[in-house]
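# Report on the structure
If you want the building blocks of each chain, they are given just below.
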Amino acid sequence: MVRRTKEDAQETRTLILDTAEQVFREKGVGHTTLAEIAAAAGVTRGAIYWHFDNKTALLQAMNDRVHLPLEAMHQALADMALADPLAKLRESARGVLAQVANDPRSRRVFEIFSFKCEFVGDMAEMLDRQRESRRDCLRDLEENLRHAVEKGQLPAEVDIERTAIGIYAMVDGLIENWLLDPESFDLVETGERLVASFCLGLAAKR
């Protein structure tokens, strides 16, 4: 009985999170109340507050179920071997773009935080998490580029900091543009080609 109760509680929590993704995406975070999410999920408001203290806690839990794209890129860069830094960079970027293109949940959550959420008041801490993720990703990109210079793949005079910012902005901007109109271009193929061209352009400066 206890096990079933725990399973039921987990199922309810998952249902609430799944429903919140849909409602936030349709109405925006600021225009959605927890009562509306409860009604859409077919649960009581008490069930919502049993699992989540407030809307911010719900959003944090929703975010914890996925790695937002640039968080995923940070992890990919940290996990991959450094034998070929530029190949590592291209593969990590491709993996992030493929995650957004092929994983509906990641796509929904990224869209919510990009277009359907205001980072004010209690939501400011969510913006802090995104800033931290950005710093982590830029740090890993810079490390990758330094290794590429050490291995002779890039010229010694390359501006590491600005190049990392350029790559970050390219990947992030591609995702945001694609989300506005997913039928307008192939995110993975286009992104892969652009990142490869960017890296070739850097190498050609030697």
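Residues numbered from 1 in each chain as written. Predicted model: local features only at pLDDT ≥ 70, side-chain atom pairs only at ≥ 80, totals over all residues. Heavy atoms only, no water.

This part covers the pattern of salt bridges. The full count for this structure, using the stated rule, is 16 salt bridges. Residue Arg105 pairs with Asp18 through a salt bridge whose shortest N-O separation is 2.8 Å. With Arg105 in helix α7 (residues 104-115) and Asp18 in helix α1 (residues 2-27), the pair connects residues that are 87 residues apart, well separated along the chain. Residue Glu189 is joined to Arg193 by a salt bridge in which the shortest nitrogen-to-oxygen separation is 3.5 Å. In this pair, Glu189 and Arg193 both sit in helix α10 (residues 187-203), four residues apart, roughly one turn of the helix. (Salt bridge = Lys/Arg side-chain N within 4 Å of Asp/Glu carboxyl O. Helix = DSSP H or I, 4+ residues; strand = E, 2+ residues; numbered from the N terminus.)

With 18 residues, helix α6 (residues 85-102) should cover 26 Å at 1.5 Å per step; its first-to-last C-alpha distance of 25 Å lies within 8% of that length. Turning to α6, its buried residues are Pro85, Leu86, Lys88, Leu89, Ser92, Ala93, Val96, Leu97, Ala98, Gln99 and Val100. (Expected span 1.5 Å × (residues − 1). Buried < 20%, exposed > 50% of the residue type's maximum accessible area, 1.4 Å probe, protein only.)

Along the polypeptide, Ser106 turns up in helix α7. Sequence-distant contacts of Ser106, that is, excluding residues within four places in its chain, are made with Val66, His67 and Gln99. (Contact = heavy atoms within 4.5 Å.)

Bringing the packing of helix α9 (residues 160-180) against α10 into the picture now. Following both chains from N to C, one finds α9 and α10 inclined at 165 degrees, their axes separated by 11 Å at the closest point. Overall, the two elements α9 and α10 adopt an arrangement that is roughly antiparallel. Handedness of the crossing formed by α9 with α10: right-handed. Residues Thr163, Ile167, Met170, Val171, Leu174, Ile175 and Trp178 of α9 lie in contact with α10, whose contacting residues are Leu187, Thr190, Gly191, Leu194, Val195, Phe198 and Leu202. Residue classes in the contact of α9 with α10 are distributed as 11 nonpolar, three polar and no charged. (Axes fitted to C-alpha atoms, helices over the stretch in contact; angles between N-to-C directions. Parallel < 35°, antiparallel > 145°, perpendicular 65-115°, else oblique. Left-handed = near helix turned anticlockwise from the far one by under 90°. Nonpolar A, V, L, I, M, F, W, Y, C, P; charged D, E, K, R; others polar.)

None of this, on its own, says anything about what the molecule does.
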